[in-house]
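Each chain, written out:
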Amino acid sequence: MVMQHVEGQDKGKLVLFALSTCGWCKKTRALIEDIGASYDYVYVDLEKGKEREEVVEMVKKWNPQVSFPTLVINDEKTIVGFKEDEIKEAIG
């Protein structure tokens, strides 16, 4: 699995699990970038074979429903879905 990194201000460890075709995932990425935070992301649907299985297992750890977007903050808080106010409060 290859995580993509987006440069920005250090607002903690942010990892976004997303789908390349998901409008809510795109909105979440845009919001994080508007806030100016650095983060890592992976488009789960673009992973193949064993790497996809591994990333799905990572998502399950944070979000057993495996729905997207799943944003993990500092390996302790998870925000599932596009929840603008919650995301802003957590990292803004």
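Sequence order sets the numbering: in each chain, residues are counted from 1 along the sequence as written. A pLDDT threshold of at least 70 governs which residues receive local features in this predicted model, and a stricter bar of 80 or more applies before side-chain atom pairs are shown or counted, although totals over entire chains, interfaces and linings include all residues. Side-chain metrics rest on all non-hydrogen atoms present in the structure, leaving aside hydrogens and water.

Asks: Before we go on, may I ask you to explain the pattern of salt bridges in this structure?
Replies: Two side chains of opposite charge can pair, provided their charged atoms sit close to one another. Criterion for a salt bridge: a side-chain nitrogen of Lys or Arg within 4 Å of a carboxyl oxygen of Asp or Glu. In this structure the tally under the stated criterion is 5 salt bridges. Between Lys 88 and Glu 84 there is a salt bridge, with the nearest N and O atoms lying 3.1 Å from each other. Remark: Glu 84 and Lys 88 occur in helix 3 (residues 84–91); sequence separation between them is 4 residues, near one turn of the helix. Exposure is judged per residue with a 1.4 Å probe applied to protein chains only, and the accessible area is read against the type maximum: over 50% gives exposed, under 20% gives buried, and values in between give partly exposed. A relative accessible area of 35% means that Glu 84 is categorised as partly exposed. Here a strand is any run of E in DSSP of at least two residues, a helix any run of H or I of at least four, and the numbering for each starts at the N terminus.

Asks: How do you make sense of the sheet that holds strand 2 (residues 14–18) when you look at a structure like this?
Replies: Two pairing modes exist for strands in a sheet, parallel and antiparallel, and in both the strands are linked by backbone hydrogen bonds. The pairing criterion for strands is at least two bridges between them, as found by DSSP. Judged by pairing direction, the sheet is mixed, and its 5 strands sit side by side in the order 1-3-2-4-5 without closing on themselves. The sheet is open, and its two borders are formed by strand 1 (4–6) and strand 5 (77–80), each paired with just one other strand. Strand-to-strand, the axes of this sheet are offset by a mean angle of 20 degrees, without reference to chain direction. With 4 bridges connecting them, strand 4 (residues 70–73) and strand 5 associate as antiparallel partners. From the neighbouring strand, Leu 71 faces strand 5, where its bridge partner is Ile 79. The contact criterion used is simple: two residues touch if any of their non-hydrogen atoms lie within 4.5 Å. Angles run from 0 to 180 degrees between N-to-C directions of axes, and those axes are lines fitted to C-alpha atoms, restricted for helices to the stretch in contact. Here helix 3 sits on the sheet in contact with strand 2, strand 4 and strand 5, set at roughly 155 degrees to strand 5.

Asks: Help me understand the nonpolar core, please; the structure alone is not making it clear to me.
Replies: Note that soluble globular proteins tend to have their nonpolar side chains buried in a common cluster. Core analysis: the biggest nonpolar cluster contains 26 residues, and Leu 14, Phe 17, Ile 32, Val 44, Leu 71, Ile 87 and Ile 91 have the highest contact counts within it. When residues of this core are traced back to their parent elements, those giving at least two are strand 2, helix 1 (23–35), strand 3 (39–43), helix 2 (49–62), strand 4 and helix 3. With 5 residues, strand 2 is the single largest residue contributor to this core. The residues touching Phe 17, leaving out its near neighbours within four places in the chain, are Met 3, Val 42, Val 44, Val 55, Met 58, Val 59, Phe 68, Pro 69, Thr 70 and Val 72. Working definition of a nonpolar core: buried Ala, Val, Leu, Ile, Met, Phe, Trp, Tyr and Cys residues. They are joined through side-chain atoms within 4.5 Å.

Asks: Just to check I follow, could you spell out the pairing of strand 4 for this structure?
Replies: A regular strand places its side chains so that they alternate between the two faces of the sheet. Neither face of strand 4 is open: one carries Thr 70 and Val 72, the other Leu 71 and Ile 73, and all of them are buried. By the bridge criterion, 4 bridges tie strand 2 to strand 4 in an arrangement that is antiparallel. Bridge pairing in strand 4 places Leu 14 opposite Ile 73. Where strand 4 hands over to strand 5, the hairpin turn is made up of 3 residues, of which Asn 74 adopts a positive phi near 55 degrees.

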